[in-house]
Amino acid sequence: MTVFKENSAISKILSSNDTGETGGHQAGILVQKNPEILKFFPFLGNEEKNPRIVLSFFDETGKRWDFAFIYYNNTHFGGTRNEYRLTRMTPFIRQNNLKAGDEIILKIDGGSGRLSISIRRFQLPGRNTGEPLHLGNTWKVIPI
């Protein structure tokens, strides 16, 4: 596993697509190509098609969750995709009954390299009222 050198944290407010509420299928949660967000994750290059690494996160109960960080880079191999995703999260999302508007927080303990995941629930407009829920570019770096 990659050894991380510094404490850092990022978060994402989940969309209905992320949580499966739309009924559509997607290959994980899109990770924006913001350098501040991407430096949280291990570097994945263009030498091979669609490189990935499995990252083990621990929740607040100590349960281990293995997620895959993937760079879908097939634009460099004649395809059209050029995006990063965090996949294999469906069991975590379902077990925690996450909904659009809830936030996942990913942290690295720079001393130990231990990865952790936590959630923060929000009552946002539209959550249970039928009002439209508007989510934008929601990954952010969290100072710790």
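No experiment lies behind these values; they were computed from the predicted model shown.

1. Description of the sheet that holds strand 5 (residues 83-87)
Whenever strands of a sheet pair, they do so through backbone hydrogen bonds, lying parallel or antiparallel. One open sheet accounts for eight strands, arranged 2-5-4-3-7-6-1-8; its pairing is mixed. Taken across any chain shown, the strands that pair with only one partner, and hence form the sheet edges, are strand 2 (29-31) and strand 8 (139-141). With strand direction ignored, the average angle separating the axes of adjacent strands in the sheet is 30°. Direction of pairing for strand 1 (residues 8-13) relative to strand 8: antiparallel, over a ladder of three bridges. Paired with Ile-10 across the strands is Val-141, a residue of strand 8.

2. As for the pairing of strand 5
In terms of burial, strand 5 is a largely internal element, five of the five residues being buried. Here strand 5 shows no split at all, with Glu-83, Arg-85 and Thr-87 on one side and Tyr-84 and Leu-86 on the other all buried. Inspection of the sheet shows strand 2 paired to strand 5 by three bridges, in the antiparallel sense. The residue bridging Leu-30 from the neighbouring strand is Arg-85, located in strand 5. The pairing of strand 4 (residues 64-72) with strand 5 spans five bridges and is classified as antiparallel. Bridge pairing links Tyr-71 to Tyr-84 in strand 5.

3. A look at the confidence of the model for the protein
Close reading of the predicted structure is inappropriate where its pLDDT is low. The predicted model of the protein averages 84 in pLDDT, with 81% of residues at 70 or higher. Ranking the elements of the protein by mean pLDDT puts strand 8 last with 73 and strand 3 (residues 52-58) first with 97.

4. Side note on the pattern of salt bridges
Evaluation of the coordinates by the stated rule reveals seven salt bridges. Taken together, the shared-partner salt bridges in this structure form one network comprising Arg-81, Glu-83 and Arg-85.

5. Quick look at the environment of Ile-53
With respect to the helices and strands, Ile-53 occurs in strand 3. Residues Ile-53 and Tyr-71 lie 18 residues apart in sequence; the distance between their C-alpha atoms is 9.3 Å.

6. So, the nonpolar core
With 27 residues, the main nonpolar core has Val-31, Phe-41, Phe-69 and Leu-106 as its most contacted residues. Counting residues per element, the ones that place at least two in this core are strand 2, helix 2 (35-38), strand 3, strand 4, strand 5, helix 3 (90-95), strand 6 (103-108) and strand 7 (115-120). For this core, the leading source of residues is strand 4, giving four residues. Ignoring sequence-local partners within four residues, the contact set of Phe-69 consists of Val-31, Leu-38, Phe-41, Pro-42, Leu-44, Pro-51, Arg-52, Ile-53, Leu-55, Tyr-84, Arg-85 and Leu-86.

Thresholds applied
- Counting starts from 1 at the beginning of each chain's written sequence and moves along it residue by residue.
- This being a predicted model, a pLDDT of at least 70 is required before a residue's local features are given, and a value of 80 or more before pairs of side-chain atoms are given or counted; all residues contribute to the totals for chains, interfaces and linings.
- With hydrogens and water set aside, each side-chain value is computed from the structure's full complement of heavy atoms.
- By the convention used here, strands pair only if DSSP detects at least 2 bridges between them.
- Helix and strand definitions here come from DSSP, where helices need a minimum of 4 consecutive H or I residues and strands a minimum of 2 consecutive E residues; each element is numbered from the N-terminal end.
- Between N-to-C directions, angles span 0 to 180 degrees; the directions come from axes that are lines fitted to C-alpha atoms, helices contributing only their stretch in contact.
- The buried label goes to any residue with under 20% of its type's maximum accessible area, the exposed label to any with over 50%, and the partly exposed label to all in between, with areas taken from a 1.4 Å probe on protein chains only.
- As a per-residue measure, pLDDT reflects the predictor's confidence and takes values from 0 up to 100.
- Note on definitions: salt bridges are taken to be side-chain nitrogens of Lys or Arg within 4 Å of carboxyl oxygens of Asp or Glu.
- In this text, buried Ala, Val, Leu, Ile, Met, Phe, Trp, Tyr and Cys residues form a nonpolar core when linked through side-chain atoms within 4.5 Å.
- Working rule for contacts: check all heavy atoms of both residues, and any pair within 4.5 Å makes them a contact.

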